[in-house]
Amino acid sequence: KAAEEARVRAEKEVAEAAAAQANLEKEEAEASLALAAQKKAEEEAALAAAAVATTDAVGTAEAEARASAAAKAAEEARVRAEKEVAEAAAAQANLEKEEAEASLALAAQKKAEEEAALAAAAVATTDAVGTAEAEARASAAAKAAEEAR
């Protein structure tokens, strides 16, 4: 019974470790997407800064309006980039947490397998002891029967 319980626990730990691994891979993909979005936002900010520099050279009222719009776009891009960086950092932290949980699950699985092996050894030992006792009783009975005969 102990061996069966240990086997069930080990299977559960294996399933949990597989789920943690899948979650970890999902977190890695999310972090990769966040970094790509951050790079795009930085490129937009650079384009907006270039537009600001161009319109400064022209100096007309229309150019100033465009510069204002470009500055606003650059600020929005900067805010988006900061948000993406924060999300990427959060995804990375979550990823590291998932890796730690997967490592713990694998350690627990190994422990459960060791417990199952110990339980099986205990069962085999008690079976061997029981067999030896039964043989001793059979031998004594045979000897008693022979003496009675």
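Everything below is about the structure printed above this text.
Per chain, residues are indexed from 1 in the order of the written sequence. The predicted nature of this model means local features are confined to residues of pLDDT at least 70 and side-chain atom pairs, given and counted, to a pLDDT of 80 or more, with totals for whole chains, interfaces and linings taken over all residues. Excluded from the side-chain calculation are hydrogens and water; included are all heavy atoms of the structure.

Caption draft 1: Representation of the overall build of the protein chain within the structure. What counts as a helix is a DSSP run of H or I of at least four residues, what counts as a strand is a run of E of at least two, and both are numbered from the N terminus. Counting its secondary structure elements, the protein chain contains 2 helices and 0 strands. Taken over the C-alpha trace, the protein chain has a radius of gyration of 36 Å; the compact-globule value for 149 residues is 15 Å, which it surpasses by more than 25%. In terms of overall dimensions, the protein chain has a C-alpha envelope of 130 × 15 × 15 Å along the principal axes. When accessible area is computed with a 1.4 Å probe and restricted to protein chains, residues below 20% of their type maximum are described as buried, those above 50% as exposed, and intermediate ones as partly exposed. When the 149 residues of the protein chain are sorted by exposure, 20% land in the buried category. The contacts of the protein chain with a sequence gap of at least 6 include a subset with a gap of at least 24, amounting to 85%. Accessible surface, the protein chain as shown: approximately 10100 Å² in total, 62% of it carbon and sulfur. Just so you know, the count uses Lys and Arg for positive and Asp and Glu for negative, and it drops His and the chain ends. Where a charge sits is defined by one atom per residue type, namely NZ (Lys), CZ (Arg), CG (Asp) or CD (Glu). The centroid of the 18 positive side-chain charges in the protein chain is displaced by 4 Å from the centroid of its 32 negative side-chain charges. The globule rule used here is 2.2 Å times the number of residues to the 0.38 power, and the radius of gyration it is set against is calculated over C-alpha atoms. Two residues form a contact once any of their heavy atoms are found within 4.5 Å. Computed with a 1.4 Å probe, the accessible areas rest on the Shrake-Rupley method; for each residue, only the protein chains presented here act as cover.

Caption draft 2: Geometry of the side chain of E98. The topology assignment puts E98 in helix α2 (residues 61-148). By definition, a salt bridge exists where a carboxyl oxygen of Asp or Glu is found within 4 Å of a side-chain nitrogen of Lys or Arg. Notably, E98 is buried but unbridged: the nearest opposite-charge side chain belongs to K97, and the N-O separation is 4.9 Å. With sequence-adjacent residues up to four places away left out, E98 is seen in contact with A20, N23, L24 and E27.

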